[in-house]
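Fold and contact review
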Amino acid sequence: MFPKLSRHEIDSNLHQGTMIRLKGRLSSSPNAFQRLLKGDFTQRFGRFLWFRQMYSTIQNLRQRLDGSLQKSAIDLAIPSMFGNLSTDSFVREVEDRSIAFGLHLPESIVNECLQYATQTICTEPGYDRTFLISDLDERGYLPDGHQPIRALVSDVEKCSSISNLSRDSVLLKIARNYLRYLPTQITCHLTWSLAWNRSDDRLQKLYPPTNFHYDIAGYNFVTAYFYITPVLDDRSGPHVTILGSHKRKPMEILLKSGRQTDEAIYRYYDRSSELYVYGDAGFGFFEDPSCIHKVKAPTRCHRLLLQFRFS
Ligand SMILES: [Fe+2]
């Protein structure tokens, strides 16, 4: 068993992941008053479409006026592993439907991510010990009797494939064209959702992403997701999305917390707009995570997901 972590160590494991922070981010000052003076009064306004669009317009103008920002993004990008994907139609699809498909990781990259995630220590929010996935017994319990629900793989930036993917020119181009400015922060997360056989009610309390919700992850943002383990049925942890909901939310959902009950969502959105996303290992997609979405918790096998958030 690995040693206990201090609160600070856990927080930094949970929040650092791989983070690339570029020059030109409005929210870079640690001082709230300075952020206020720069127009950065609160990220919570990121829930409103009009606010995200306004932020994009301001960032776009700033970057046009400062050529060095363009150069720093070009220095960052490396040749893509996704060939000549049509990024224009891809971006239009995210704009219209919240989500677009057509990315796939080579098998060698999938294997490297999987190997890294099985050999690297993990943390779980609210649990003060680190562990390896191989520490779990066949029922999903650790030797101390704790049953984790998710496991966040540490030091993701040390995996060279993930580090390269975070600078992939096609991913950056999609993010830039969707956001209408060069993303100034890129975060990477490699997360196990662990198979769980208890009641849904208890799970939804312990693992918030299994509830319908929308993310407020900055001022404007878009995320690339890759399944590292196959997700081929409801029992292996599919991502679930309400199509088009990034642009269309009723006021009661916009003003309440990001987390929603199924009933509240089905009251407003037609069931035909609910999409379960299935794919083999390496399957990838882009989504605007301000849409309503959730993970259907896996019950048959652990799910490993790689995410890149551009903001
Ligand atoms: Fe989310």
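In the block above lies the structure referred to throughout.
Fair warning: this is a prediction, and the values are worked out from it, not measured in the lab.

Some points on the pairing of strand S6 (residues 185-193)
Taking burial as the measure, the 9 residues of S6 include 8 buried ones, the bulk of the element. Relative to strand S14 (residues 303-310), S6 is paired through 8 bridges, and the arrangement is antiparallel. Bridging across to S14, Thr187 finds its partner in Arg309.

So, the nonpolar core
Leu190, Phe226, Phe286 and Phe310 are the most contacted members of the largest nonpolar core, which has 52 residues in total. The greatest single-element share of this core, amounting to 7 residues, is contributed by helix H8 (residues 169-179). In this structure Phe226 touches Phe82, Leu103, Leu105, Leu171, Gly282, Phe283, Gly284, Leu304, Leu305, Leu306 and Phe308, once residues within four positions along its chain are discounted.

Describing the pattern of salt bridges
Side chains that differ in charge, positive against negative, can pair when their charged atoms come close. Summed over all chains, the structure comprises 8 salt bridges. Residues Asp215 and Arg309 are paired through a salt bridge, measuring 2.9 Å at the closest nitrogen-oxygen approach. One end of the pair, Asp215, is in the loop between strand S7 (212-213) and strand S8 (222-227); the other, Arg309, is in strand S14, and 94 residues separate them in sequence. Taking the relative accessible area as the measure of exposure, Asp215 reaches 16% and is therefore buried. A salt bridge links Asp233 to Arg300, with the nearest nitrogen and oxygen atoms 3.1 Å apart. In this pair, Asp233 sits in the loop between S8 and strand S9 (239-242) while Arg300 sits in the loop between strand S13 (293-295) and S14, placing the two residues 67 residues apart along the sequence.

A word on the packing of helix H5 (residues 87-97) against H8
At a closest axis distance of 10 Å, the pairing of H5 and H8 adopts a crossing angle of 50°. By the angle between their directions, the pair H5 and H8 is classed as oblique. Viewed along their axes, H5 and H8 form a crossing whose handedness is right-handed. Contacts from Thr87, Asp88, Phe90, Val91, Val94 and Glu95 in H5 reach Val170, Lys173, Ile174, Asn177 and Tyr178 in H8.

Description of helix H6 (residues 107-119)
A rise of 1.5 Å per residue sets the reference length of H6, with its 13 residues, at 18 Å; its end C-alpha atoms lie 18 Å apart and thus fit the reference within 8%. Contact partners of the buried residues in H6: strand S3 (122-124), strand S5 (150-153), helix H7 (160-165), S6 and S14.

So, H5
When H5 is considered as a whole, its buried residues turn out to be Thr87, Phe90, Val91 and Val94. The buried residues of H5 all sit within an arc of 95° when viewed along its axis, so they share a single face. Packing partners of the buried residues in H5 comprise strand S2 (99-104), H8 and strand S12 (283-287). Where H5 ends, the next residue or the one after it, Ser98, has phi of about 80°, a positive value.

A few points about the environment of Pro250
Mapped onto the secondary structure, Pro250 falls in the loop between S9 and helix H10 (251-255). The exposure class assigned to Pro250 is buried, which follows from its relative accessible area of 12%. Between the C-alpha atom of Pro250 and that of Tyr269, which follows or precedes it by 19 residues, the distance is 9.7 Å.

Description of the environment of Pro208
Residue placement: Pro208 occurs in the loop between helix H9 (200-206) and S7. Along the sequence, Pro208 and Gln260 sit 52 residues apart, while their C-alpha atoms lie 10.0 Å from each other. Setting aside residues no more than four positions away along its own chain, Pro208 makes contact with Arg150 and Arg259.

With respect to the packing of aromatic side chains
Within this structure, the stated rule accounts for 22 aromatic pairs. Between the aromatic rings of Phe45 and Phe48, the centroid separation amounts to 6.2 Å while the plane-to-plane angle is 45°, which identifies the pairing as tilted. Accessibility expressed as a relative area gives 15% for Phe48, which makes it buried. An aromatic cluster is built from Phe45, Phe48, Trp50, Phe51, Tyr55, Tyr181 and Tyr219, whose rings are joined through pairwise contacts. Against the face of Tyr266 rests Arg271, its NZ or CZ located 3.8 Å from the ring centre.

Some details on a nonpolar patch on the surface
Nonpolar side chains collect at one region of the surface, where Trp50, Met54 and Ile58 lie side by side and expose about 300 Å² of accessible area between them. Looking at the secondary structure, you find Trp50 in helix H3 (residues 49-65).

Concerning the pairing of S5
In summary, the side chains of a regular strand alternate between the two faces of the sheet. One ladder, built from 2 bridges, connects S3 with S5; its direction is antiparallel. Looking at S5, one finds that Cys122 is bridged to Val153. Of the strand pairs in this sheet, S5 and S6 are connected by 3 bridges, and their pairing is antiparallel. Bridging from a neighbouring strand, Ala151 pairs with Trp192 of S6.

Calculation notes
Going along each chain's sequence as written, the residues are numbered from 1 onward. A pLDDT threshold of at least 70 governs which residues receive local features in this predicted model, and a stricter bar of 80 or more applies before side-chain atom pairs are shown or counted, although totals over entire chains, interfaces and linings include all residues. Note: side-chain values were computed over all heavy atoms of the structure, leaving out hydrogens and water. A 1.4 Å probe rolled over the protein chains alone gives each residue an accessible area, and that area as a share of the maximum for its type sets the label: buried under 20%, exposed over 50%, partly exposed in between. Elements are defined by DSSP. Helices are runs of H or I of four residues or more, strands are runs of E of two residues or more, and each kind is numbered from the N terminus. Two strands are said to pair when DSSP picks up at least two bridges between them. Only buried residues count toward a nonpolar core, which is a set of Ala, Val, Leu, Ile, Met, Phe, Trp, Tyr and Cys residues joined through side-chain atoms within 4.5 Å. Residue contacts are defined here by distance: any two heavy atoms, one from each residue, within 4.5 Å place the two residues in contact. Criterion for a salt bridge: a side-chain nitrogen of Lys or Arg within 4 Å of a carboxyl oxygen of Asp or Glu. Comment: axis = line fitted to C-alpha atoms, over the contacting stretch for helices; angle = value between 0 and 180 degrees taken between N-to-C directions. Relative orientations are named as follows: roughly parallel for angles under 35 degrees, roughly antiparallel for angles over 145 degrees, roughly perpendicular for angles from 65 to 115 degrees, and oblique for any other angle. The crossing is said to be left-handed when, going from far helix to near helix, the turn is anticlockwise and less than a right angle, and right-handed when the turn is clockwise. Expected span of a helix: the number of residues minus one, times 1.5 Å. Throughout, the arc means the angular range of directions from the helix axis out to the C-beta atoms. Centre distance within 6.5 Å is the pairing criterion for rings of Phe, Tyr and Trp, where only the six-membered ring of Trp is used; planes under 30 degrees apart are then read as stacked, over 60 as edge-to-face, and the remainder as tilted. Note on geometry: a ring has a charge over it if NZ (lysine) or CZ (arginine) is within 6 Å of the ring centre and within 35 degrees of the ring normal. Surface patches are defined over residues having more than 30% relative accessible area and no salt bridge, joining like charges when they lie within 9 Å and nonpolar side chains (Val, Leu, Ile, Met, Phe, Trp, Tyr) when within 5 Å. In short, Shrake-Rupley with a 1.4 Å probe defines the accessible areas, and a residue's cover is counted only from the protein chains shown.

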